[in-house]
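Residue strings, one per chain:
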Amino acid sequence: MYKILRYSFYDLMRSRWTYFYFGFFLLFTLALLFLSSDVGKVIISLMNVILVLVPLIATMFGIMFYYNSREFTELLLAQQLSRTQLFLGQYLGLALSLSASLLLGVGLPFLFYGIFFSAEIGNFIVLLLNGVLLSFIFSGMAFWIALRHENRIKGFGLAIMMWLFFAVIYDGIFLLLLMWFSDYPLEYVSLGASLLNPVDLSRILILLKLDISALMGYTGAVFEKFLGTGLGIALSFLSLGFWILLPTANIRRVALTKDF
Amino acid sequence: MINARFALLCFLFLAPAFARARTLEVCASCAYNTIQQALDASRDGDRVLVKAGTYKEPTLRITKKIALTGENYPILEAPKGQEILVIDADGVTVEGLQLQNLAPHYLKDLAAIRVHRKGFFRILNNRLINTFFAIYLEYAHDGEVIGNTITGTAVNELSSGNGVHGWYGEYVCIENNTIKGHRDGIYLEFMHFCSISGNHSEANVRYGLHFMFSNDDHYANNIFRKNGAGVAVMFGKRIGMTDNLFDYNWGRSAYGLLLKEIYDAKIERNRFVQNTIGIHIEGASRVAYRQNTFQRNGWAVKIAGGCLDHDFSQNNFLSNAMDFVLNGRVNSNTFDGNYWSEYTGYDLDRNGLGDVPHRPVKLFSYIVTRTPESIILLRSLFIDLMNFSEKVSPVFTPAGILDQQPLMHPIS
């Protein structure tokens, strides 16, 4: 598995798109740091970008990577290799290379800026951690979709829909429900609903660090009480972990039974 | 003849002044061992000098026009259930003392220094540590409370008192005090024509500064930080608020400044930084807001229904999660000529004013007032898209709330 992981990792690291992804984050972060003197504000701006773009790019990368390396995968399948190792190796290689691009692209400018001596170091780490987790989640989901669907158009379409659902549609339905049932106490419902969506969950985890003044209005009490505690943070990361485990387990299950 | 009469007059006026030059010293080895002895022996115009040491005496009642001065902060305490110092004469000065350890009392408002129906007092540079009510001005007028350091250990509202408590009075000047850990830092009820400036009020359980039924007061250059709920100005007319800093007032119902039933106030050059709500306005009218800066608050300004004639201009709104929340459909408030960091318009004729009006009320802030739980969706992509489409073609947000002349550059 390690060999395959290493191979797909280096393969992706040589790819033009990885450089593009890395370069984009590098330039974007540099520009933000250059334009604004307030590190806190830079992190908020970056949050918006990371929450939208990281899932999208991870999804696209996952789909493209699987479809492009399909012939090579078939070749590998002919070797004496367990399928679990083969596909999990590929998936981890993909997710790791995406995370590396993100970490380096965002991390290097901040490193030169001197983030380690800044008070915002905690917020910055939360931001990066969430970015990495989102990379793992969405590339895994994309990989799973690609594995399920031989038809590339269908695979692409589904993956885009999946991203759109988590990034936009989910919040829309969420908001509608909140407004329809506004006569009922909804604090715990909204907490539960946001635990179920990895994008929402990452957003709230970062907001709790950065924009707490807004979230601490009178309804923020429940969120603050829940998410501010060890239990809340543990549950949040547990939920994010579940979102990584779900596609991983499914990749394995589909891979084991699939007739290539 | 005239000269002789003048000389006589001079003598009559100055005679007490010559007699006044007495200083009564209090210490273990001095002529007076307790402050009470010195007070008993003093006459109008004397100075009682208390040297360093600890004096635990029953309530000291100052009934003559004297100055009670401490050298190297002598420590004054009272037996349980008694106040430390009561000013019961006009023209008393209390300076340089350390008054401490007054236990909370649930029936009486015990105070470290109480001024009772008197005026022309001066309370200067004292330290008040762990006192229930620190300075209590009761029907007091024409006095000064300057440079005191007041530190309490308040935990909740029930068992704590106020730092400076004013109950009926006028022309009192409260300046350069540091007040921490009380119920309200400064509480003024029925106090008129007072000036509150240069104070630092921090970490009080309820409000940093609290006005009730007080008119014509002015507070300036104060810092209100991390209080339970910032500053509350209630039921008052013609109150001036200038050059203050309200910051880090965070919490469920916290705000930098609360205006309730306020008329004809002026709010100028204040800074509101990182409060849950910058200004919360309920039932106030005719208030002018000029050159204030609202930075990184949850809500910069929240206006409840029935607030008329609020005029915002030349203010800076910088990176607040929500700039404005207004309840109610009728609007008679004006918002012209402010700087909004969210403004996305342009200035083709380069006159410093944006050519497109700015809408400070976003659809999301409108939704949050109706469904408070939806705050959990703050900064989500869906909300951004929704706000954007509402901005392009307003349907839900009140159309009249506009800044017709948004500034292109912040006011410095």
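Residues numbered from 1 in each chain as written. Chains lettered and ligands numbered in written order. Predicted model: local features only at pLDDT ≥ 70, side-chain atom pairs only at ≥ 80, totals over all residues. Heavy atoms only, no water.

Trainee: Explain the side chain of A:Ser97 here, please?
Mentor: With respect to the secondary-structure elements, A:Ser97 resides in helix α5 (residues 83-113). Non-local contacts of A:Ser97, meaning those with residues more than four positions away in its chain, are made with A:Phe9, A:Leu12, A:Met13 and A:Thr18. (Helix = DSSP H or I, 4+ residues; strand = E, 2+ residues; numbered from the N terminus. Contact = heavy atoms within 4.5 Å.)

Trainee: Help me understand the state of the cysteines in this model?
Mentor: Put plainly, a disulfide is one covalent bond tying together the sulfur atoms of two cysteines. All names here are of chain B. Tallied over the full model, the rule gives one disulfide over all chains. Note that cysteine 27 is cross-linked by a disulfide to cysteine 30, the S-S spacing being 1.9 Å. A torsion of 95° about the S-S bond marks the disulfide between cysteine 27 and cysteine 30 as right-handed. With respect to class, cysteine 27 is no different from cysteine 30; both count as buried. You can see cysteine 173 has no disulfide; the closest cysteine sulfur is in cysteine 194, sitting 9.0 Å from it. (Disulfide = S-S within 2.5 Å. Buried < 20%, exposed > 50% of the residue type's maximum accessible area, 1.4 Å probe, protein only.)

Trainee: Just to check I follow, could you spell out the pairing of strand β15 (residues 164-175) of chain B for this structure?
Mentor: Side-chain direction in a regular strand flips from residue to residue, so the side chains alternate between the two faces of the sheet. Residue and element names in this part refer to chain B. Relative to β15, strand β13 (residues 133-146) runs parallel, the two sharing ten bridges. Note that in β15 the partner of alanine 140 across the bridge is glycine 169. Here six bridges tie β15 to strand β17 (residues 186-192), and the two strands are oriented parallel to one another. Residue pairing for β17: tryptophan 167 is matched across the bridge by glutamate 189. Bridge count for β15 against strand β18 (residues 195-197) is three bridges, and the pairing is parallel. Across the sheet, glutamate 175 pairs through a bridge with serine 197, a residue of β18. (Pairing = 2+ DSSP bridges.)

Trainee: Looking at this structure, how should I read the interface of chain B and chain A?
Mentor: It is common to give the size of an interface as the accessible area that goes away when the parts come together. Facing the 28 residues of chain B at the interface are 37 residues of chain A. Scanning the region where chain B abuts chain A turns up zero salt bridges. Contributing elements (two or more residues each) for the side of chain B that touches chain A: β32 (299-303) and α4 (381-392) of chain B. The element best represented in the side of chain B that touches chain A is α4(B), accounting for five residues. Residues of the side of chain B that touches chain A, tallied by class, amount to 14 nonpolar, nine polar and five charged. (Salt bridge = Lys/Arg side-chain N within 4 Å of Asp/Glu carboxyl O. Nonpolar A, V, L, I, M, F, W, Y, C, P; charged D, E, K, R; others polar.)

Trainee: I tried to follow the packing of helix α3 (residues 39-68) of chain A against α5(A) on my own but got confused; where do I start?
Mentor: Two numbers describe a pair of packed helices, the interaxial angle and the distance between the axes. All names here are of chain A. For the pair α3 and α5, interaxial distance at closest approach is 11 Å and the crossing angle is 155°. Judged by the angle between their axes, α3 and α5 are roughly antiparallel. Regarding α3 and α5, the two cross each other, and that crossing is right-handed. For the pair formed by α3 and α5, the contact residues are Val39, Val42, Ile43, Leu46, Ile50, Val54, Ala58, Phe61, Gly62, Phe65 and Tyr66 on the first element and Phe87, Gln90, Leu94, Leu98, Leu102, Val106, Phe110 and Tyr113 on the second. (Axes fitted to C-alpha atoms, helices over the stretch in contact; angles between N-to-C directions. Parallel < 35°, antiparallel > 145°, perpendicular 65-115°, else oblique. Left-handed = near helix turned anticlockwise from the far one by under 90°.)

Trainee: Can you walk me through the side chain of B:Asp247 in this structure?
Mentor: Residue and element names in this part refer to chain B. Note on placement: aspartate 247 falls in strand β25 (residues 245-247). Overall, aspartate 247 belongs to the buried group, its relative accessible area being 5%. Within the structure, the side chain of aspartate 247 is placed 3.0 Å from the side chain of arginine 225, a separation counted as a polar contact. Beyond its immediate chain neighbours, meaning those up to four positions away, aspartate 247 contacts Phe224, Arg225, Lys226, Val273 and Asn275. (Polar contact = N/O pair within 3.5 Å; in protein donor to acceptor, adjacent residues only side chain to side chain.)

Trainee: I'm lost on the nonpolar core in this one. Help?
Mentor: Among soluble globular proteins, nonpolar side chains are generally buried collectively. A:Phe25, A:Phe87, A:Tyr91, A:Val106, A:Phe110, A:Phe138 and A:Phe143 are the most contacted members of the largest nonpolar core, which has 105 residues in total. For A:Tyr91, the residues in contact, after removing those within four places along its chain, are A:Phe136, A:Ser139, A:Gly140, A:Phe143, A:Ile244, A:Thr248 and A:Ile251. Formed by 85 residues, the second largest nonpolar core is a distinct cluster that contains B:Ala38, B:Ile113, B:Val231 and B:Ile239. (Core = buried A, V, L, I, M, F, W, Y, C linked by side-chain atoms within 4.5 Å.)

Trainee: Before we go on, may I ask you to explain the packing of aromatic side chains in this structure?
Mentor: In this description, an aromatic ring pair is defined by two values, namely the gap between the centres and the angle between the planes. The final tally for this structure, using the stated rule, is 43 aromatic pairs over all chains. When the centroid spacing of 6.4 Å and the interplanar angle of 45° are considered together, the rings of A:Tyr91 and A:Phe143 count as tilted. With A:Tyr91 in helix α5 and A:Phe143 in helix α6 (residues 121-148), the pair connects residues that are 52 residues apart, well separated along the chain. Of the two residues, A:Tyr91 and A:Phe143, neither departs from the other in class, the shared state being buried. An angle of 80° between the planes, with centres 6.0 Å apart, marks the rings of B:Tyr219 and B:Phe224 as edge-to-face. (Phe/Tyr/Trp six-rings, centres within 6.5 Å; stacked < 30°, edge-to-face > 60°.)

Trainee: What is the right way to look at the packing of helix α7 (residues 152-180) of chain A against helix α9 (residues 198-210) of chain A in this model?
Mentor: All names here are of chain A. With their axes 9 Å apart at the nearest point, α7 and α9 run at an angle of 85° to one another. Taken as axis vectors, α7 and α9 run roughly perpendicular relative to one another. Residues Phe166, Tyr170, Asp171 and Phe174 of α7 form the contact with α9, whose own contacting residues are Pro198, Val199, Asp200 and Arg203. Broken down by class, the residue content of the contact of α7 with α9 amounts to five nonpolar, no polar and three charged.

Trainee: Please explain the pattern of salt bridges as it appears in this structure.
Mentor: If charged atoms from side chains of opposite charge come close, those side chains can pair. Residues and elements named next belong to chain A. Inspection of the entire model under this criterion finds 21 salt bridges over all chains. Between lysine 258 and glutamate 150 there is a salt bridge, with its nearest N and O atoms 2.5 Å apart. Taken together, the residues lysine 258 in the segment after α12 (230-257) and glutamate 150 in the loop between α6 and α7 connect sequence positions 108 residues apart. Of the residues examined, lysine 258 reaches a relative accessible area of 13% and is grouped as buried. Look at glutamate 150 and you get partly exposed, because its relative accessible area is 44%.

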